[in-house]
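# Tertiary structure, described
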Amino acid sequence: MKKLLTRDERGMSTSEYAVGTVGACTIGGVLVKIGQSEWFGDLVRELLDKIPSILPF
């Protein structure tokens, strides 16, 4: 009888997996959208162009 009253709390339940998956996909989608924007591409290009001037050799 005691075994029925205790719950094992290890791991996530199915609903927690669903919420976690939706959250991860949302963050991934936002990062892809930002990565495809023009201003982000310009920012990366500017950073890569400045690397040689920062290096000591």
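Our structure is the block above this text.
A brief look at the structure comes next. (Residues numbered from 1 in each chain as written. Predicted model: local features only at pLDDT ≥ 70, side-chain atom pairs only at ≥ 80, totals over all residues. Heavy atoms only, no water.)

Scanning the protein for helices and strands turns up 3 helices and 0 strands. Starting at the N terminus and walking to the C terminus, you meet the elements of the protein as α-α-α. Across the 57 residues of the protein, 2% fall into the buried class. (Helix = DSSP H or I, 4+ residues; strand = E, 2+ residues; numbered from the N terminus. Buried < 20%, exposed > 50% of the residue type's maximum accessible area, 1.4 Å probe, protein only.)

Nonpolar side chains collect at one region of the surface, where Val 30, Ile 34, Trp 39, Phe 40, Leu 43, Val 44, Leu 47, Leu 48, Ile 51, Leu 55 and Phe 57 lie side by side and expose about 1,100 Å² of accessible area between them. Elements represented by at least two residues in the nonpolar patch include exactly helix H2 (14–35) and helix H3 (38–54). Residue contributions to the nonpolar patch peak at 7 residues, all from H3. Mapped onto the elements, Leu 47 comes out in helix H3. The exposure class assigned to Leu 47 is exposed, which follows from its relative accessible area of 52%. (Patch = residues over 30% accessible without salt bridge, like charges linked within 9 Å, V, L, I, M, F, W, Y side chains within 5 Å. Areas by Shrake-Rupley, 256 points an atom, 1.4 Å probe, with all protein chains shown as cover. Salt bridge = Lys/Arg side-chain N within 4 Å of Asp/Glu carboxyl O.)

Next up on the list: the packing of aromatic side chains. Counted according to the given criterion, the structure contains 1 aromatic pair. Both rings, one in Trp 39 and one in Phe 40, keep their centres 6.0 Å apart while their planes meet at 90°; by these two values the pair is edge-to-face. Using a relative accessible area of 55% as the deciding quantity, one classes Trp 39 as exposed. (Phe/Tyr/Trp six-rings, centres within 6.5 Å; stacked < 30°, edge-to-face > 60°.)

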